[in-house]
Structures are given as C-alpha cells and as structure tokens.
Amino acid sequence: MTAGLYVHVPFCARKCRYCDFYSLPQRENLIPAYIKAVTAEAHVHQGKHFQTLYVGGGTPSLLGPQNLSDLMGSLRGYFNLSSLGEATIEVNPESATKEFLDAAMSAGFNRVSVGVQSLSDTELESVGRIHDSQRAIKALNDIRTAGFTNVSADVIIGLPGQDWTSLKRTLDQLLSMRLEHISAYCLSIEEGTPLAVNPPANLPTDDRQAELFERTCAFLKKTGFVHYEISNFARPGFESRHNLNYWHGGEYLGLGPAAASHMNGRRFRNNSDLTAYIGNPSGQISDIEDLDPAAKAGEEAMLRLRLLEEGLDCAAMAERFSPENVIGLRQRLEKLVEEGLLEKTGTRYILPGKMVMTANQVLSRVVVTGGPTCC
C-alpha cells in the first residue's frame with residue numbers, strides 16, 4: 001500500500017483572519033532549530049519507504065532555499081524516497097521567490113500548491129492576506145518558469161463581499177494560466193479567530209455561499225476539470241496522489257508540531273507546541289488511538305465517500321476487513337440509500353452531487369459511533 005510523508009512547517013509571516021491552523025507569525029529565527037528537530041524526529045522513524053511527500057503549513061516558502069535543501073537532505077538520509085511519485089510543497093505568493101522555487105525544483109519537488117485564495121485585492125485585504133493579485137499572478141508565472149508542470153491553486157469561496165462576478169474573474173484568470181489543479185474551499189468561521197470575533201457585515205450568507213460553490217463546480221467541470229473530491233478539482237491525471245492516499249485510508253507519517261500520522265492501524269498526533277517540539281521532538285505524541293477493524297472500515301468508508309467519482313466499493317471493503325467487520329457499515333450505508341442521501345450501483349456507493357454541500361451530515365453517520373455493528 002502507498003505510504004505518504006507529511007512535514008508540517010509551522011511558520012507564517014502573519015496570521016490570516018480566518019486561520020485556525022497551527023502556525024506562528026514572525027518566528028523565523030527558530031527555523032534552524034526546527035530543521036534540527038525534524039531531522040531528529042525523522043531519525044526515530046528511519047528506514048521507512050514513502051511514495052508521496054507533502055510539505056505544508058503554515059508557509060513552507062518561508063524556509064528559504066538553504067533551509068529547504070537542508071530539510072530534504074535530512075529526509076533523504078533517513079527515509080527511502082527513491083520512488084516518490086509526487087512531492088508537493090505549499091507556497092504563498094509573497095514568499096515564493098525565484099530562488100526558493102529553483103531550490104524546490106533542485107530538491108526533487110514536482111508539484112506546487114499556491115495559496116492564491118482570490119485574485120480580488122479587496123477580498124484578499126478583507127481577510128488579512130499579505131499578497132495582492134499581481135503578486136499571486138507573478139508567483140504562478142515564476143513557478144512555471146522554474147519548470148513545474150503540476151501546479152495547484154487554493155481558492156476560498158464565501159469571502160467578504162464576494163459575488164459570482166468576482167469569483168468567476170478569479171477562476172477565469174487561474175484557468176488562463178492553465179493550472180492542473182484547483183482546491184476550492186468554503187470559508188469557515190472558526191471559533192476564536194479574528195473573523196469570528198469581529199465578522200464583517202458583507203459576509204455571504206450560507207445560502208449564497210452554497211450557490212457560489214455550486215456555480216464553481218459547474219463552471220470548472222464545464223472547462224474540463226474533474227470534481228474528484230468534495231473540495232478538489234483536477235485535470236484528468238493530475239489528482240493529488242498524496243491526498244488520495246489519505247482518502248483511500250492509506251498510511252502516512254507526519255513530522256513537525258501538530259502533524260498527524262496513521263501507521264500500522266494506529267492514529268496519533270504531535271502536540272501543537274513548537275517550543276516543546278524543538279526541545280524534545282520525539283516526545284510530543286498525543287491523541288493515540290488504536291482502531292479495531294470495524295471502526296477502521298467505517299473511517300475508511302467515510303473518507304472514500306469524499307471521492308465523488310470513485311465512491312466506495314463495499315465488496316472491496318469486505319475483502320480488506322473481512323465480511324463480519326463490515327456488517328454494521330453495510331447497514332448504515334443502506335439506511336442512507338433508503339433516505340436518498342447516498343446512491344448505489346451494484347456494490348458501489350456514491351455521494352450524490354446534491355449532498356456535497358451538506359456532506360458532513362452524511363459522512364458522520366458512516367463511521368462507527370457506538371460499537372462494531374452500530375447502525
């Protein structure tokens with residue numbers, strides 16, 4: 001089975017108003033110590049073989065060329081990365097310098113994910129993004145110049161003041177740059193963030209946000225993108241392999257503070273504490289959970305249903321986990337079909353398009369909540 005390696009880079013120049021990810025602004029002085037800590041944590045897991053790599057954050061492009069080179073040297077020293085099919089690095093436009101992009105190419109990355117979010121300067125300013133539209137466009141051009149042929153852009157739907165005219169303008173500009181992948185996320189107002197504490201009056205309503213998302217889906221599909229996962233669109237053959245491994249229930253190792261892992265049937269996560277991580281990188285594991293086969297089948301089913309084209313093959317699940325461990329899962333799935341919340345063809349279950357915006361309500365009923373055969 002494919003295994004993925006994730007490295008969390010917890011640095012950012014400034015926190016965006018909507019962000020609740022673990023990232024720390026203006027701590028770049030700690031980057032060398034962080035690199036040493038990741039190296040020490042990698043040493044603990046040395047010898048593992050990975051087929052995908054994803055360096056995310058935070059803002060990995062804040063590492064700079066030399067630190068990125070040092071990080072990759074350490075990872076290659078402890079892990080077998082000889083068969084990496086995909087190596088992705090996230091960048092933000094304001095720190096995606098030509099020197100950094102050249103270093104990423106030299107280090108073996110073959111895919112770049114860019115935090116564009118919008119190409120409306122007003123919308124970017126409203127949520128505290130540092131870059132403007134011209135800097136985002138320049139970054140995308142520089143990424144191509146550096147030689148990358150697999151480029152993804154993040155877009156946020158439901159930004160303050162956003163309407164279909166401004167959103168379509170962003171999508172049109174991105175499409176003109178012939179991107180291979182677009183991730184479109186609905187803005188979520190997370191508790192404790194500045195956007196939640198002081199929400200702007202011109203935030204689109206939930207219904208309006210849903211309409212914008214539906215129009216985005218239709219527009220991207222019309223222009224040749226496959227809506228392969230709830231929030232992700234790709235030109236055929238350019239689906240994110242690393243994320244597909246997550247949604248297929250595959251194994252992955254996470255390095256860095258706040259990074260999550262799923263190895264040998266066990267889930268665990270590093271504490272969200274950079275200072276503690278630097279001091280003791282291998283002693284930060286918490287939230288350890290061992291999944292029994294029925295619970296693992298339910299969790300994997302929930303993840304696979306996010307794949308809108310592929311869906312979930314229950315017969316394959318029975319092969320993987322044994323028939324007795326999917327009895328409760330089948331019952332839960334059939335109940336959802338009866339209620340019109342899932343579609344079924346043969347042994348395959350699919351989340352219908354009408355349920356994408358309320359997918360969490362469906363997916364939460366797929367996992368085990370009270371025993372191996374709870375339905």
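Now for a look at the structure at hand. Computed from a predicted structure; not experimentally measured.

Before going further, it helps to examine the state of the cysteines. Counting across every chain of the model gives zero disulfides. As a non-bridged cysteine, Cys 12 has Cys 19 as the owner of its nearest cysteine sulfur, 6.7 Å distant. Judged by relative accessible area, which is 6%, Cys 12 ranks as buried. Its sulfur unpaired, Cys 186 is 8.3 Å from the next cysteine sulfur, which belongs to Cys 217. Judged by relative accessible area, which is 27%, Cys 186 ranks as partly exposed.

Let's shift gears to the pairing of strand 1 (residues 3-9). Where burial is concerned, most of strand 1 is hidden: seven out of the seven residues are buried. Taken together, the five bridges between strand 1 and strand 11 (residues 251-255) define a ladder with parallel strand orientation. When the sheet's bridge partners are listed, Ala 3 is paired in strand 11 with Glu 251. Direction of pairing for strand 1 relative to strand 4 (residues 52-57): parallel, over a ladder of six bridges. Pairing of Val 9 across the sheet is with Gly 57, part of strand 4.

On to helix 6 (residues 164-176), then. Compared with the 18 Å implied by 1.5 Å per residue over 13 residues, the 18 Å span of helix 6 between its first and last C-alpha is a close match. Looking only at helix 6, the buried set comprises Trp 164, Ser 166, Leu 167, Thr 170, Leu 171, Leu 174 and Leu 175. Of the surrounding secondary structure, the elements contacted by the buried residues of helix 6 are strand 6 (111-117), helix 4 (121-126), helix 5 (133-145), strand 7 (151-157), strand 8 (181-186) and helix 8 (206-222). Backbone geometry just downstream of helix 6 places Arg 178 in the positive-phi region, at approximately 55 degrees.

Attention now moves to the sheet that holds strand 15 (residues 312-313). Strand order in the open sheet formed by three strands is 15-17-16, and the pairing between neighbours is antiparallel. Unpaired on one side and paired on the other, strand 15 and strand 16 (343-345) mark the two borders of the sheet. With two bridges connecting them, strand 15 and strand 17 (residues 348-350) associate as antiparallel partners. Residue Asp 313 lies in a different strand from strand 17, and its bridge partner there is Arg 348.

The first and last C-alpha atoms of helix 2 (residues 64-78) sit 22 Å apart over 15 residues, in line with the 21 Å expected at 1.5 Å per residue. Burial in helix 2 covers these residues: Gly 64, Asn 67, Leu 68, Leu 71, Met 72, Ser 74 and Leu 75. Summarising the axial view, the buried residues of helix 2 lie within an arc of 155 degrees, below the 170-degree limit, and thus occupy one face. Among the exposed residues of helix 2, those oriented more than 90 degrees off its buried face are Gln 66 and Gly 77. Close packing links the buried residues of helix 2 with strand 1, helix 1 (31-44), strand 4, strand 5 (86-91), helix 3 (98-106) and strand 11.

Working note: regular strand, side chains alternate between the two faces of the sheet. Of all six residues in strand 5, six are buried; the element is thus mostly enclosed. Every second residue of strand 5 is oriented toward a common face, with Glu 86, Thr 88 and Glu 90 on one face and Ala 87, Ile 89 and Val 91 on the other, all of them buried. Read from strand 4 through helix 2 to strand 5, the crossover connection turns out right-handed. Pairing analysis gives four bridges linking strand 5 to strand 6, with the strands arranged parallel. Bridging from a neighbouring strand, Ile 89 pairs with Val 112 of strand 6. Handedness of the strand 5-helix 3-strand 6 crossover: right-handed.

The next subject is the packing of aromatic side chains. What characterises a pair of aromatic rings is the spacing of the ring centres plus the angle enclosed by the ring planes. Inspection of the entire model under this criterion finds six aromatic pairs. A ring pair is formed by Phe 11 and Tyr 34, whose centres lie 5.3 Å apart and whose planes are at 85 degrees; its orientation type is edge-to-face. Taken as a pair, Phe 11 in strand 2 (residues 11-12) and Tyr 34 in helix 1 lie far apart in primary sequence, 23 residues in all. Take Tyr 34: its relative accessible area is 0%, and that puts it in the buried class.

Inspection of the secondary structure puts Arg 332 in helix 13 (residues 327-338). Nearest to the buried, unbridged Arg 332 among oppositely charged side chains is Asp 292, at 8.9 Å.

Moving on to the layout of surface pockets. Counted as a void, the second largest pocket has a volume near 210 Å³. Lining the second largest pocket are 14 residues, with Cys 217, Lys 221, His 227, Gly 353 and Val 356 positioned closest to its centre. Grouping the constituent residues of the lining of the second largest pocket by class yields eight nonpolar, two polar and four charged.

Going through the model one piece at a time under the given rule, you end up with 17 salt bridges. Taking the shortest distance from any N to any O, the salt bridge between Asp 142 and Lys 138 comes out at 2.7 Å. Of this pair, Asp 142 and Lys 138 both sit in helix 5, separated by four residues, roughly a single helical turn. You can call Lys 138 partly exposed: its relative accessible area is 40%. In this structure, Arg 266 and Asp 290 form a salt bridge, with 2.9 Å as the shortest nitrogen-oxygen distance. Taken together, the residues Arg 266 in strand 13 (residues 266-270) and Asp 290 in strand 14 (residues 285-290) connect sequence positions 24 residues apart. On the basis of relative accessible area, Arg 266 is assigned to the partly exposed category, the value being 36%. Owing to a relative accessible area of 53%, Asp 290 belongs among the exposed residues under this scheme.

Calculation rules
Residues numbered from 1 in each chain as written. Predicted model: local features only at pLDDT ≥ 70, side-chain atom pairs only at ≥ 80, totals over all residues. Heavy atoms only, no water. Disulfide = S-S within 2.5 Å. Buried < 20%, exposed > 50% of the residue type's maximum accessible area, 1.4 Å probe, protein only. Helix = DSSP H or I, 4+ residues; strand = E, 2+ residues; numbered from the N terminus. Pairing = 2+ DSSP bridges. Expected span 1.5 Å × (residues − 1). Contact = heavy atoms within 4.5 Å. Arc of directions from axis to C-beta. Right-handed = clockwise from strand over helix to strand, strands pointing away. Phe/Tyr/Trp six-rings, centres within 6.5 Å; stacked < 30°, edge-to-face > 60°. Lys, Arg positive; Asp, Glu negative; His and termini not counted. Salt bridge = Lys/Arg side-chain N within 4 Å of Asp/Glu carboxyl O. 1 Å grid on protein atoms, 1.4 Å probe; cavity = no way out; pocket = protein on both sides within 12 Å on 5 of 7 lines; lining within 4 Å. Points joined across faces, edges and corners; volume = space filled by probe spheres on them. Nonpolar A, V, L, I, M, F, W, Y, C, P; charged D, E, K, R; others polar.

Honestly, it's all geometry; don't read function into it.
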